[in-house]
Amino acid sequence: MLNLEKMLTEIDQINTYKHFGKVQRVVGIMIESAGPEANVGEVCYIHAKSNGRNPTIAEVVGFNNEKIILMPYSEVAEIGPGCLVEATGRPLSIQVGKGLIGNVVNSLGEPLDESSLPSGLSNYVTEQAPPNPLSRPPISEPIQVGVKAIDTMLTVGKGQRIGIFAGSGVGKSTLLGMIARNSEADINIIALIGERGREVREFIDNDLGQEGLKKSIVVVATSDQPALMRIKGAYTATAISEYFRDLGYKVNLMMDSVTRFAMAQREVGLAAGEPPTTKGYTPSVFATLPKLLERTGTNERGSITAFYTVLVDGDDMNEPIADTVRGILDGHFVMERELAERGQYPAINILKSISRVMKQIASSKHQDVAQQIRSLMATYEQNRELIQIGAYKRGTDQEIDKAITYQTNIQDFLKQGVHDSYTFDESIKEMEELLNGGGAQ
Ligand SMILES: Nc1ncnc2c1ncn2[C@@H]1O[C@H](COP(=O)(O)OP(=O)(O)OP(=O)(O)O)[C@@H](O)[C@H]1O
Ligand SMILES: [Mg+2]
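Described below are features of the structure shown in this document. Position numbers for residues count from 1 along each chain, tracking the sequence in the order it is written. By the order in which they are written, chains take letters starting at A while ligands take numbers starting at 1. Reporting in this predicted model follows two pLDDT cut-offs: at least 70 for local features of residues, and 80 or more for side-chain atom pairs to be given and counted; totals over whole chains, interfaces and linings ignore these cut-offs and use all residues. To obtain the side-chain values, all non-hydrogen atoms of the structure were included, while hydrogens and water were left out.

### Considerations on the overall build of the chain
Reasoning step 1: Working definition: helices are DSSP H or I runs of at least four residues, strands are E runs of at least two. Numbering for both runs from the N terminus. From N to C terminus, the chain includes 14 helices and 17 strands.
Reasoning step 2: When accessible area is computed with a 1.4 Å probe and restricted to protein chains, residues below 20% of their type maximum are described as buried, those above 50% as exposed, and intermediate ones as partly exposed. When burial is assessed residue by residue, the chain has 53% of its 441 residues classed as buried.
Reasoning step 3: Calculation of accessible area relied on Shrake-Rupley with a 1.4 Å probe; when residues are assessed, cover is drawn exclusively from the protein chains displayed. A total accessible area of about 20700 Å² is found for the chain, and carbon and sulfur atoms account for 49% of it.
Reasoning step 4: Charged residues are defined narrowly, with Lys and Arg counted positive, Asp and Glu counted negative, and His plus the chain ends left uncounted. All charge positions are set by atom: Lys at NZ, Arg at CZ, Asp at CG, Glu at CD. Averaged over its 44 positive side-chain charges, the chain has a centre that lies 1 Å from the centre of its 55 negative ones.

Below, the structure is given as structure tokens:
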């Protein structure tokens, strides 16, 4: 009875009018239409004139006097003056649930292989507000990443957000794949934003592999897709992570790359008439980044440990996106070509990298040993040139002698083959033995 009443009131309240507008102008990727009444962020269908064609899905991105400005999620085809624009009254939502695990989906949450979605999924709006800062538990325990160099020297906390700063081809995708396979997280959500199609296949087949895919959901928005789809890919992956965080899961979110997300946002901003600022990035890029990156981390139910890759040309860590992202996150790992060229994989420059929560989560003994190794590495690095040209004479300085003695062992310890995996405890034990056991020579 109660149900019937509820349904009757719902029927009373239902909006039986469809809201339509008409396309008036298309400039580049922007579509201007007179009506319908719709809010920014709302999804609209643009109906083609010829029957039988699927409508183009678009989103309201702005207004101009009485006109609304839309941007399509797909390529614009068969849109002409007077095409009908139908408002849905809703922002973009996706279907999400446990059935999605092991799947590869696009930015709208649809399977990439065009199969159908499993049943039992629920609707979830992709743009959400970050958790209330006061309801966020502080990061208090480490999470095993399964990469020795990280677990020992740059310990990551459950719910920490890390930026991985690297140029092209230094091993980002390989590292993300290793983390996905080796970490103790319950589930990986992997967002591939703005990659080439070929790289997506390679990542899924080689870096992630069957073993990794079993506990992952991959969201893909390749570089050839419209800018809005690349932006949505980041939101969709974040929304899926939030869904699982609310179920109490330990979630890993990996986004490759946040730079490509920023570039897509710049494309949309410029098309919408925003002024370009540093390096052509528009103000909305800098307003959007914190909104996206603040959504991950801990909440009262679970945690999203997030890894965002940032592309840096050369060594330019002060490039505007790198600089902004570094300021928002709780740590950054710097990967360097020079190390990769020496075969030092994973090519993380420990001395330039930092995990800002390591102090809160690692035992004092662990921190102590890590600090000793760090200072040996720093001493060696400061004197590298002298040592390598043979200008340093052993016995001149005790610290330098010690750094030279340990250098090879430290480097070997930090190396890890793609398919080697270590538990957190194994890595810590090996690190402690490194100093106890003495140097190689
Ligand atoms: N741990 C490792 N051990 C051995 N080789 C590695 C390791 N990590 C990366 N490599 C080598 O580095 C190459 C490039 O790695 P990867 O594709 O992960 O880089 P990337 O930074 O993702 O590149 P891109 O910028 O093109 O996306 C790999 O083909 C592999 O040969
Ligand atoms: Mg890559």
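### Re unusual backbone geometry
Only a minority of non-glycine residues have a phi that is not negative, and only a minority of peptide bonds are not trans.
Reasoning step 1: Across the junction of Asp-256 and Ser-257, the peptide omega takes the value 5°, indicating a cis bond.
Reasoning step 2: On the secondary structure map, Ser-257 appears in the loop between strand 13 (250-256) and helix 6 (258-271).
Reasoning step 3: Between Tyr-345 and Pro-346 the backbone carries a cis peptide bond, its omega angle lying at -10°.
Reasoning step 4: Tracing the sequence through the fold places Pro-346 in the loop between helix 9 (337-341) and strand 17 (354-355).
Reasoning step 5: Notably, Asn-65 is not glycine yet its phi reads approximately 50°, a positive angle.
Reasoning step 6: A positive phi angle, close to 50°, is found at Lys-279, a residue other than glycine.

### Points about the environment of Lys-67
Reasoning step 1: With respect to the element layout, Lys-67 can be found in strand 5 (residues 67-72).
Reasoning step 2: Considering only alpha carbons, one finds Lys-67 and Arg-230, 163 residues apart in sequence, at a separation of 25 Å.
Reasoning step 3: Contacts were defined at the residue level, with two residues in contact if any of their heavy atoms lie within 4.5 Å. Setting aside residues up to four positions removed in sequence, Lys-67 forms contacts with Gln-24, Glu-32, Ser-33 and Gly-62.

### Thoughts on the site of ligand 1
Reasoning step 1: The environment of ligand 1 is formed by Ser-168, Gly-169, Val-170, Gly-171, Lys-172, Ser-173, Thr-174, Glu-199, Tyr-345, Gln-416 and Val-418.
Reasoning step 2: Side-chain polar atom of Lys-172 to an oxygen atom of ligand 1: 2.8 Å apart, as the coordinates give it.
Reasoning step 3: Within the complex, 66% of the 630 Å² of free accessible area of ligand 1 lies under protein.
Reasoning step 4: It is helix 3 (residues 172-182) that provides the largest number of residues to the shell around ligand 1, a total of three residues.
Reasoning step 5: Only Asp, Glu, Lys and Arg are considered charged in this grouping, and only Ala, Val, Leu, Ile, Met, Phe, Trp, Tyr, Cys and Pro are considered nonpolar; every other residue, Gly among them, is considered polar. Here the shell around ligand 1 is composed, by residue class, of three nonpolar, six polar and two charged. By convention in these notes, a residue is near a molecule or strand provided one of its non-hydrogen atoms lies within 4 Å of it. Throughout this description, a polar contact denotes any pair of N or O atoms lying within 3.5 Å of each other; where both atoms belong to protein, one of them has to be capable of donating a hydrogen while the other can accept it, and for residues adjacent in sequence the pair is counted only when both atoms sit in side chains.

### Regarding helix 11 (residues 364-382)
Reasoning step 1: Expected span of a helix: the number of residues minus one, times 1.5 Å. With 19 residues, helix 11 extends 27 Å from end C-alpha to end C-alpha; this agrees with the ideal 27 Å at 1.5 Å per step.
Reasoning step 2: All of the buried residues in helix 11 are His-366, Val-369, Ala-370, Ile-373, Arg-374, Leu-376, Met-377, Thr-379 and Tyr-380.
Reasoning step 3: As for helix 11, its buried residues are in contact with helix 2 (148-153), helix 10 (358-361), helix 12 (384-388), helix 13 (398-414) and helix 14 (424-436).

### Looking at the environment of Ala-180
Reasoning step 1: Among the secondary structure elements, Ala-180 is positioned in helix 3.
Reasoning step 2: For the pair Ala-180 and Ser-353, spaced 173 residues apart in sequence, the C-alpha to C-alpha distance is 20 Å.
Reasoning step 3: Setting aside residues no more than four positions away along its own chain, Ala-180 makes contact with Asn-188, Ile-190, Leu-208, Lys-215 and Met-254.

### Comments concerning the nonpolar core
Reasoning step 1: Membership of the largest hydrophobic core comes to 58 residues, with the highest contact counts inside it found for Ile-189, Ile-240, Phe-244 and Val-325.
Reasoning step 2: Element by element, the count of residues in this core is highest for helix 5 (residues 227-246), at eleven residues.
Reasoning step 3: Leave out the neighbours within four places in its chain, and Ile-240 touches Ile-94, Val-96, Leu-100, Ile-189, Ile-217 and Val-219. Among buried residues, the Ala, Val, Leu, Ile, Met, Phe, Trp, Tyr and Cys ones that are joined through side-chain atoms within 4.5 Å form a nonpolar core.

### Looking at the pairing of strand 4 (residues 56-64)
Reasoning step 1: For two strands to be treated as a pair, DSSP must find at least two bridges joining them. Note: strand 3 (residues 42-47) against strand 4, four bridges, orientation antiparallel. The residue bridging Val-43 from the neighbouring strand is Glu-59, located in strand 4.
Reasoning step 2: Here strand 4 runs beside strand 5; their pairing, made up of six bridges, is antiparallel. Paired with Asn-64 across the two strands is Lys-67, which belongs to strand 5.
Reasoning step 3: Here strand 4 hands over to strand 5 after two residues, with Asn-65 in that stretch at a positive phi of 50°.

### Let's talk about the sheet that holds strand 4
Reasoning step 1: Taken in spatial order, the six strands line up as 1-2-5-4-3-6 and close into a barrel, and their pairing is antiparallel. Strand after strand, the sheet turns through a mean of 45° between neighbouring axes, direction not considered.
Reasoning step 2: One ladder, built from four bridges, connects strand 2 (residues 30-34) with strand 5; its direction is antiparallel. Note on strand 5: the bridge partner recorded for Ile-31 is Leu-70. Helix axes are fitted only over the stretch in contact, all axes being lines through C-alpha atoms; the angle between N-to-C directions runs from 0 to 180 degrees.

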